[in-house]
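# Structural description and commentary
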Amino acid sequence: MRKNAVAVVGAAETTELGVIPNMSQIQLHADAALNAIADAGLKLSDIDGIATAVETPQQIAHYLGITPTWVDGTSVGGCSFMLHVRHAAAAIEAGLCKTVLITHAESGKSMIGKLPRSTPPDSLNGQFESPFGVYGPPSMFPIPVLRYMKTYGITHEQIAMVAVAHREWAAKNPRATMKAPITVEDVLNSRMIAYPFRILQCCLVTDGGGALILTSADRAKDFPNKPVYILGTGESVETPMVSQMETFNSSRAFKVSGPTAFREAGIAHKDVDHLMIYDAFAHLPLFGLGDLGFMPHEETGKFIADGNTRPGGKLPLNTNGGGLSYMHSGMYGMYALQESVRQMRGIAPAQVKDAKISVCHGVGGMFAASGTIVFTNEK
Amino acid sequence: MAEPARAKPKPTPETQHFWDGTQAGELRLQRCDACANVYFPPRPFCPSCASRKVSVFKASGKGTLYSYVINHRPAAPGFTPPYAIAVVELDEGPRMMSNIIDCPQTPEALELDMKLEVAFEKLDDKITLPLFRPAKG
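None of these values were measured; they are calculated from a predicted model. In every chain, residue numbers begin from 1 and rise along the written sequence. Both sets of labels track the order of writing: A upward for chains, 1 upward for ligands. A pLDDT threshold of at least 70 governs which residues receive local features in this predicted model, and a stricter bar of 80 or more applies before side-chain atom pairs are shown or counted, although totals over entire chains, interfaces and linings include all residues.

### A word on the overall build of chain A
- Helix and strand definitions follow DSSP, with helices as H or I runs of at least four residues and strands as E runs of at least two, each counted in order from the N terminus. Looking only at helices and strands, chain A has 14 helices and eleven strands in total.
- Whereas a compact globule of 379 residues would reach a radius of gyration of roughly 21 Å, chain A reaches 19 Å, a difference of no more than 12%.
- Across its three principal axes, chain A shows a C-alpha extent of roughly 55 × 50 × 35 Å.
- For the exposure call, what matters is how many other C-beta atoms sit within 10 Å of a residue's own: 20 or more marks it buried, 12 or fewer exposed, and in between partly exposed, using C-beta atoms placed from the backbone. Here chain A holds 379 residues, and 61% of them are scored as buried.
- Contacts in chain A between residues far apart in sequence, at least 24 positions, make up 76% of those at least 6 positions apart. Values of the radius of gyration come from C-alpha atoms, whereas the globule rule sets the reference at 2.2 Å times the count of residues to the power 0.38. A pair of residues counts as a contact when their C-beta atoms, built from backbone coordinates, are separated by no more than 7 Å.

Right, here's the structure in full:
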């Protein structure tokens, strides 16, 4: 894909985040979409492309009153929105549509109008994972952690530091759900969920949503806000069954998606000013740093424990507070994208000074899928 | 009222041989006749070379503990926490999810790479699950 040919010209989250008991899931989509359309200074009738996940594009298009000429219902978990950005950029380049709206919302906490998730007993997951007591992401996502720790000599304290660093970023963010400072000791003494992970190493459960609007870069300069250009993109999938990953020492989906985006962007790791790595659970930033090639996996734990990703560190990571402390409605990728856009616009609550390149890396399912977007504010 | 039961697998045409195997006290895997790849979960072709010529064989039932969590909450129906959800690396190569029985469900007792052997737990007349226990000797 051509560098900087497409830009984000509208970006917004739902008006409220956290617990939103007065809004159904589809209305959360609409709330985010209307906020993003206002942010871009557009009318609904300007939108000719629509992408969403979990909810279908027809559901959202009809509810908003949009008649699209391009739709994308890619739904591969929390990184679906990274894939939507990639697909939308390609579609705009190909002339299939001009202005794409990407929406996410989930009534993850209040569960109003939320579609049921179920695993049929004759699916592969239903036959070869469900009978052994997996029950929701906390019982599945951390399954690789002990192997990863043993292979690379990572300690419990180092992984606990992920939660501490993210909380430090959250403290700077008025919209973050959890702001009170925590220590490594607090993390390691918090309630056990699925050993080795405790509650402070698991993401929040909240309500909310977000939306993005993309258009071609040559039109982007006419919009009210600073355009944020798509410099590089990547995507991949591996397996819906965490037990069937090729290895627990790495994520194959990460290793395809991340480097693809870096190559497309033509950037080196030292060029990255700001980084988002979807942190549904505390081990994901370690996998991400290693698989995206920032450092060998052996060094990821020490790198975070040494404070390199916390405020003032040399690689600002998850500057909104992440899924661990900012918010997590179920598919957090949209919120990671929103923070990258804020950082590139220069309006983030914890703004990284002079940041010019932001890498936003998402996961879907339990390492089942991945999407990576490299943003820049320089054309 | 009966206690809620654990999730029960429902075999498909492609997986029936596996579940017939556990009922007969065998852990059955598949091997590609063309490239010798051993794979899991079951399917009637080789995911490595796409050959449809594959054979079912009885695996040794031996393996090692690759990784696990000890789930505390929320517990799945039919399980009393804390209980370990493990991934076993079979001696033949493939990995599968299972539970570890006859072993305390603690980090001290559950050592990565410990040797395991299959044990079969009958759920009903149709389904027997492959579980694993620490290998003897």
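### Re the nonpolar core
- A set of buried Ala, Val, Leu, Ile, Met, Phe, Trp, Tyr and Cys residues, joined through C-beta atoms within 7 Å, is what we mean by a nonpolar core. A:Ala36, A:Val85, A:Leu214 and B:Tyr68 are the most contacted members of the largest nonpolar core, which totals 155 residues.
- Per element, the largest residue contribution to this core is nine residues, and it comes from helix 7 (residues 156-170) of chain A.

### Things to note about the sheet that holds strand 2 (residues 38-39) of chain B
Residue and element names in this part refer to chain B.
- For two strands to be treated as a pair, DSSP must find no fewer than two bridges joining them. Strand order in the open sheet formed by three strands is 2-1-3, with antiparallel pairing between adjacent strands. Either end of the sheet is taken by a strand with one partner, and the two such strands are strand 2 and strand 3 (54-58).
- Bridging between strand 1 (residues 28-32) and strand 3 involves five bridges; their strand directions are antiparallel. Considered in strand 3, the bridge of Arg28 is made with Lys58.

### Some words on the environment of A:Tyr229
Residues and elements named next belong to chain A.
- You can see Tyr229 is positioned in strand 8 (residues 228-237).
- Owing to 20 C-beta atoms within 10 Å, Tyr229 belongs among the buried residues under this scheme.
- Placed 29 residues apart in sequence, Tyr229 and Gly258 show a C-alpha to C-alpha distance of 18 Å.
- Those residues in contact with Tyr229 that lie beyond four places of it in its chain are Asn4, Ala7, Ala217, Phe375, Thr376 and Lys379.

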